[in-house]
Amino acid sequence: MRITVDMKLCESHGQCVFAAPEVFSFDEDDFLRYEGEPSDDLRGVVEQAAAVCPVRAIDLTPAL
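Calculation notes
Residue numbers run consecutively from 1 along every chain, following the written order of its sequence. Local features in this predicted model are restricted to residues of pLDDT 70 or higher, and side-chain atom pairs are both shown and tallied only at a pLDDT of 80 or more, whereas totals for entire chains, interfaces and linings draw on every residue. Note that water and hydrogens are dropped before the side-chain values are worked out from all heavy atoms of the structure. Side-chain atoms within 4.5 Å are what join buried Ala, Val, Leu, Ile, Met, Phe, Trp, Tyr and Cys residues into a set we call a nonpolar core. When a residue's accessible area, from a 1.4 Å probe over protein chains only, is under 20% of the maximum for its type it is buried; when over 50% it is exposed; and in between it is partly exposed. Helical segments are the DSSP runs of H or I of at least four residues, strand segments are the runs of E of at least two, and each set is numbered from the N terminus. Here a residue-residue contact requires only that any non-hydrogen atoms of the pair lie within 4.5 Å. In short, DSSP must find at least two bridges between two strands for them to pair.

Peer 1: I'm lost on the nonpolar core in this one. Help?
Peer 2: Nonpolar side chains tend to gather and get buried jointly when the protein is soluble and globular. In this structure, I3, V5, C16, V23, F24 and I58 are the most contacted members of the largest nonpolar core, which totals 16 residues. Put simply, the parts of the chain that give this core at least two residues each are β1 (2-5), α1 (15-19) and α2 (43-52). Discounting residues that sit within four places of it in the chain, C16 has contacts with P21, F24, L32, A49 and I58.

This is how it looks when you write it as structure tokens:
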């Protein structure tokens, strides 16, 4: 799966970081960082992270 985050929508609520810390984090300047193509064993937590985003900034698509 491929993750994309619309950074124009993202308001840094951090719900994705709480839901999937293996994939999402904040850097030292509080900018969101994420792994664009996490392994399939993280699918469940990544889907949960996308679902809890209050502004729906996270998009999941199949990997190429």
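Moving on, there is more to tell.
Peer 1: So what exactly am I meant to see when it comes to unusual backbone geometry here?
Peer 2: Most peptide bonds take the trans form, and the phi angle of most residues other than glycine is negative. Positive phi, normally seen in glycine, also occurs at S12, with a value near 55 degrees. Looking at where S12 falls in the secondary structure, it is placed in the loop between β1 and α1.

Peer 1: Looking at this structure, I do not really get the environment of S39. What am I missing?
Peer 2: Checked against the element boundaries, S39 lands in the loop between β3 (32-34) and α2. Classification of S39 as partly exposed rests on a relative accessible area of 38%. In this structure the C-alpha to C-alpha distance between S39 and V23, which are 16 residues apart in sequence, comes to 9.6 Å.

Peer 1: What is the right way to look at the environment of T4 in this model?
Peer 2: As for its position among the elements, T4 is in strand β1. For T4, a relative accessible area of 36% puts it in the partly exposed group. For the pair T4 and D59, spaced 55 residues apart in sequence, the C-alpha to C-alpha distance is 5.2 Å.

Peer 1: What is the right way to read the environment of C53 from this model?
Peer 2: Mapped onto the secondary structure, C53 falls in the loop between α2 and β4 (58-61). When its relative accessible area of 10% is taken as the criterion, C53 is described as buried. Taking the C-alpha atoms as reference points, C53 and C10, separated by 43 residues in sequence, lie 8.6 Å from one another.

Peer 1: So what exactly am I meant to see when it comes to the pairing of β1 here?
Peer 2: Along any regular strand the residues' side chains alternate between the sheet's two faces. On β1, burial follows the alternation: I3 and V5 on one face are buried, whereas R2 and T4 on the facing-out side are not. With four bridges connecting them, β1 and β4 associate as antiparallel partners. Of the residues in β4, the one forming a bridge with V5 is I58.

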